[in-house]
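Close look at the chain arrangement
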Amino acid sequence: MTLEQFTRDEGQVARRYEYGDETVVAVDFGAEHASASVDTVDDTVIVVVDDDQYEFELPEGADDAHTFIKNGVLTVEVEGDL
């Protein structure tokens, strides 16, 4: 699943920001999901919220990705030529 499909299908609010050679994507799961966790395996971001697991692929051309979640907001920082 791509990030666009994920946010459309699951109804999450997402924003994408471009900073030179870095792209930042933020997805708001809501403050009630502050204990959610995130991991990156190869080119897949895996988010676990309560008993649900969501997976989406990083954009093609992503060289390096950093992911974290704080107060229910998932942040994905991607470097590379997207």
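Below is a summary of the structure that appears in this document. (Residues numbered from 1 in each chain as written. Predicted model: local features only at pLDDT ≥ 70, side-chain atom pairs only at ≥ 80, totals over all residues. Heavy atoms only, no water.)

Digging into the packing of aromatic side chains
Rule in force here: For this analysis, a ring pair means two rings from Phe, Tyr or Trp (six-membered ring only for Trp) whose centres lie within 6.5 Å, classed as stacked if their planes differ by under 30 degrees, edge-to-face if by over 60, and tilted for the remaining angles. Buried, partly exposed and exposed residues are distinguished by accessible area as a fraction of the type maximum, computed with a 1.4 Å probe on protein chains only: under 20%, between the cut-offs, and over 50%, respectively. Here a helix means four or more residues in a row that DSSP labels H or I, a strand means two or more in a row labelled E, and each is numbered from the N terminus.
Under the counting rule described, the total for this entry stands at two aromatic pairs. With a centroid separation of 6.4 Å and an interplanar angle of 20°, the aromatic rings of Tyr17 and Tyr19 are classed as stacked. Looking at Tyr17, the relative accessible area reads 38%, which means it is partly exposed. Measuring from ring centre to ring centre gives 6.0 Å for Phe29 and Tyr54, while their planes differ by 40°; the resulting arrangement is tilted. In this pair, Phe29 sits in the loop between β2 (22-28) and β3 (37-41) while Tyr54 sits in strand β5 (residues 52-57), placing the two residues 25 residues apart along the sequence. Residue class for Phe29 comes out buried when judged on its relative accessible area of 6%.

Points about the pairing of strand β4 (residues 44-49)
Inclusion rule: Strands qualify as paired when DSSP identifies two bridges or more between them.
Within β4, five of the six residues are buried, which leaves the element mostly enclosed by the surrounding structure. Across five bridges, β3 lies against β4 in antiparallel orientation. Note that in β4 the partner of Asp39 across the bridge is Ile46. Here β3 hands over to β4 after two residues, with Asp42 in that stretch at a positive phi of 55°.

Topic: the sheet that holds strand β1 (residues 13-19)
To be explicit about the condition: For every element, the axis is a line fit to its C-alpha atoms; helices are fit only across the contacting stretch, and the angle between N-to-C directions ranges from 0 to 180 degrees.
Strand order in the open sheet formed by four strands is β1-β2-β7-β6, and the pairing between neighbours is antiparallel. What marks the edges here is a single partner per strand, and that holds for β1 and β6 (62-70). When the angles between neighbouring strand axes are averaged without regard to direction, this sheet yields 15°. Here β1 runs beside β2; their pairing, made up of seven bridges, is antiparallel. Following the sheet pairing, Ala14 is matched in β2 by Val27.

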